[in-house]
Amino acid sequence: QVQLVESGGGLVQAGGSLRLSCVVSRSILSFNTMAWYRQAPGKARELVAVINSAGSTNYADSVKGRFTISRDNAKNTAYLQMNSLKSEDTAVYYCNVNRGILNSWGQGTQVTVSS
C-alpha cells in the first residue's frame, strides 16, 4: 500500500556525482528505517546505505566516504548523494522503507557510470 518513487538516475562519467531521490506516499516518520539498495547484472543485490528514525546512518564499505543518505521528513523523501562515482557503482538503485514486517520497495532507477 506504500508507494515509493525513485528518481535522479542517469548516465555520469567516472568521478562525477548524482543525487537520487525517493518520494514516499506517506509520512516517513512511520518507518524505522529507510535504505538504498543496488543490483548490477550478474551480481547480488547489496545494501548501500541505511538511515533510521533518529537519523543514524550506516554504509556499505564500498561506498563509505563517497555516498551520503539523508531524509527530509517534511517532504517524505529520502536522498542518496553519490560522489566520486566509479564504474562499479553502475546498477539499478532501489529505495526501501521498513517498519517491523512492513517492507516496501520502489521500482528502481538506473545509474550508469562510464569509465
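A brief look at the structure comes next. Keep in mind the model is a prediction, meaning the values are calculated, not measured.

Rules of the game
Residues numbered from 1 in each chain as written. Predicted model: local features only at pLDDT ≥ 70, side-chain atom pairs only at ≥ 80, totals over all residues. Heavy atoms only, no water. Helix = DSSP H or I, 4+ residues; strand = E, 2+ residues; numbered from the N terminus. Rg over C-alpha atoms; globule rule 2.2 N^0.38 Å. Buried < 20%, exposed > 50% of the residue type's maximum accessible area, 1.4 Å probe, protein only. Contact = heavy atoms within 4.5 Å. Areas by Shrake-Rupley, 256 points an atom, 1.4 Å probe, with all protein chains shown as cover. Lys, Arg positive; Asp, Glu negative; His and termini not counted. Charge placed at Lys NZ, Arg CZ, Asp CG, Glu CD. Core = buried A, V, L, I, M, F, W, Y, C linked by side-chain atoms within 4.5 Å. Salt bridge = Lys/Arg side-chain N within 4 Å of Asp/Glu carboxyl O. Pairing = 2+ DSSP bridges.

When helices and strands are tallied, the chain shows zero helices and eleven strands. Taking 115 residues into account, the globule formula puts the C-alpha radius of gyration at 13 Å, and the chain, at 13 Å, falls close to it. Taken over the C-alpha atoms alone, the chain extends approximately 40 × 25 × 25 Å along its principal axes. By the burial criterion, 41% of the 115 residues in the chain qualify as buried. Sequence separation of 24 or more characterises 53% of the internal contacts of the chain that already satisfy a separation of 6 or more. When the accessible area of the chain is evaluated, it comes to approximately 6000 Å², of which 46% is carbon and sulfur surface. Placing the 11 positive and 6 negative side-chain charges of the chain at their respective mean positions leaves the two points 6 Å apart.

With a phi close to 50 degrees, Asn76 is a non-glycine residue in the positive phi region. For Asn76, the location among the structural elements is in the loop between β7 (67-72) and β8 (77-82). In this structure, Ser84 is a non-glycine residue whose phi angle is positive, near 50 degrees. Relative accessible area serves as the criterion here: at 41%, Ser84 is assigned to the partly exposed category.

Quick look at the nonpolar core now. Membership of the largest hydrophobic core comes to 29 residues, with the highest contact counts inside it found for Val24, Trp36, Leu80, Met82 and Tyr93. Broken down by secondary-structure element, the contributors of at least two residues to this core are β3 (18-24), β4 (33-39), β5 (46-52), β7, β8, β9 (91-99) and β11 (109-114). When near neighbours in sequence (up to four residues on either side) are disregarded, Tyr93 contacts Glu6, Leu20, Trp36, Tyr37, Arg38, Val48, Phe67, Leu80, Met82, Gly108, Thr109 and Val111.

Bringing the side chain of Thr77 into the picture now. Positionally, Thr77 belongs in strand β8. Ignoring sequence-local partners within four residues, the contact set of Thr77 consists of Ser21, Cys22, Val23, Ile28, Ser70, Arg71 and Asp72.

Inspection of every chain in the model, using the stated rule, returns four salt bridges. The shortest N-O distance in the salt bridge between Glu46 and Arg38 comes to 2.5 Å. On the basis of relative accessibility, which here comes to 29%, the residue Glu46 falls in the partly exposed class. One network of salt bridges, with partners in common, ties together Arg38, Glu46, Arg66 and Asp89.

Bringing the pairing of strand β10 (residues 102-105) into the picture now. Here β9 runs beside β10; their pairing, made up of four bridges, is antiparallel. Following the sheet pairing, Val97 is matched in β10 by Ser104. The antiparallel pairing of β9 with β10 creates a hairpin that spans two residues between the two strands, and Gly100 there sits at a positive phi of about 60 degrees.

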